[in-house]
Amino acid sequence: MPCVYLVIPCYNEEAVLPETVSRLTKKLNQMIESGHADRESRMLLVDDGSKDGTWGLISRFCDENELVSGIKLAHNRGHQNALLAGLMTAKESCDCAISMDADLQDDVEVLDQFVEKFLEGCDVVYGVRNKRETDTFFKRATAQGFYKFMQLLGVDIVYNHADYRLMSRRALDALSEYRETNLFLRGIVPLIGYRSDYVYYDRHERFAGESKYPLKKMISFALDGITSFSVKPLKIISNLGILVSLCSIIGLLYALIAHFTGKTVAGWTAIVCSIWLLGGIQLLCLGVVGGYVGKLYSEVKARPRYRIEEYKK
Ligand code: UDP
Ligand code: MG
């Protein structure tokens, strides 16, 4: 029987945690009885520097419930880093770790299927959403646009898979070798390359509390994903530069003709428009390049990605 760790990042989740823990306790006990998990299995709650009573709750659960362990990060480092902290801690004791959200959006009933695939020899099992009916139209459209765009840029990510996945210890060891600061786990895990499979599930609505991914964070997460895995935007802007240069040759010809036919004053509009347009394009391109430079900056510094302040086993 495998030792299964459920790794759950929690940021200001006091509204939902009691329910999550009670449901997962029930589920884990079931799994232990049905032989899907051994008695050392547990859930590992990672408090990502919450500002509410999340850590208080977690430490209470650790004392009362032997199926619960908790980690407290010293700062809020974001979902991906919190997840990594949990996975890297779990790696020391588990045979496989399953990452899931604290808000019960990921269907806990399919946990057995994850473990079954693991027992069949898969090192990575991706949870894939069947449909996204519970998401708002906006979230669904932007998310699907994002997956399509990533594929267009040649990034290998699993369509409609968020961070509900199982990784074997061997896969976690491989993951630990990816030392990037700009962490985008969905892009890294497929790079590991071990045998993988999928489990399909219906995504529920958030049980309580509100989304910790407001639009702004969502956009920056998406852009982060793109620039961490693809340099195509750099190529696109070079091509844009070529295109604009070609256009400017046409403009030059027009200007010369206008000059020799004596219609020079009429060129004012064209000049003003092109100044604004070109200025805009240049700034945009500079911004894209700057985005990559900024990433290099944080990668080169290679600061620690998280710091564990407390670990309650
Ligand atoms: N989360 C985190 N740190 C953050 C933001 C979110 O650990 O800075 C956790 C959060 O507690 C939850 C998971 O990441 O368990 C997913 O967040 P959420 O459900 O709010 O995102 P959504 O499902 O709305 O995309
Ligand atoms: Mg959620």
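Criteria and thresholds
- Residues numbered from 1 in each chain as written.
- Chains lettered and ligands numbered in written order.
- Predicted model: local features only at pLDDT ≥ 70, side-chain atom pairs only at ≥ 80, totals over all residues.
- Heavy atoms only, no water.
- Donors = N, O, S within 2.8 Å, 3.2 Å for Na, K, Ca; no water.
- Buried < 20%, exposed > 50% of the residue type's maximum accessible area, 1.4 Å probe, protein only.
- Near = heavy atom within 4 Å.
- Polar contact = N/O pair within 3.5 Å; in protein donor to acceptor, adjacent residues only side chain to side chain.
- Areas by Shrake-Rupley, 256 points an atom, 1.4 Å probe, with all protein chains shown as cover.
- Pairing = 2+ DSSP bridges.
- Helix = DSSP H or I, 4+ residues; strand = E, 2+ residues; numbered from the N terminus.
- Axes fitted to C-alpha atoms, helices over the stretch in contact; angles between N-to-C directions.
- Expected span 1.5 Å × (residues − 1).
- Arc of directions from axis to C-beta.
- Contact = heavy atoms within 4.5 Å.

Caption draft 1: Spotlight on the coordination of the magnesium ion (ligand 2). Within the protein, the atoms that donate to the magnesium ion (ligand 2) are D103 (OD) and Q105 (OE1), at distances of 1.9 Å. The burial state of D103 is the same as that of Q105; both residues are buried.

Caption draft 2: Focus on the site of ligand 1. Around ligand 1 lies a shell of 19 residues, among which E13, D48, D103, S211 and K212 are the nearest. One of the side-chain nitrogen or oxygen atoms of E13 is found 2.6 Å away from an oxygen atom of ligand 1. With the chains in place, 95% of the 530 Å² that ligand 1 exposes on its own is no longer accessible.

Caption draft 3: Structural view of the sheet that holds strand β1 (residues 4–10). Spatial ordering of the open sheet is given by β7-β5-β6-β4-β1-β2-β3-β8, a layout of eight strands whose pairing is mixed. In this open sheet, the two strands that pair with only one neighbour each are β7 (196–201) and β8 (308–312). This sheet shows a mean twist of 20° between the axes of neighbouring strands, independent of strand direction. Across four bridges, strand β3 (residues 68–73) lies against β8 in antiparallel orientation. Bridge pairing in β8 places G70 opposite K312.

Caption draft 4: A look at helix α8 (residues 215–229). The end-to-end C-alpha distance of α8, which contains 15 residues, comes to 21 Å, matching closely the 21 Å that a straight helix rising 1.5 Å per residue would cover. Listed as buried for α8 are F221, A222, G225 and I226. An end-on view of α8 places all buried positions within 130° of arc, on one side of the element. Of the residues in α8, the exposed ones pointing more than 90 degrees away from the buried face are K216 and L223. Buried-residue contacts for α8 involve α3 (79–90), α5 (137–152), α7 (185–192) and α9 (232–260).

Nothing here speaks to function; it is geometry throughout.
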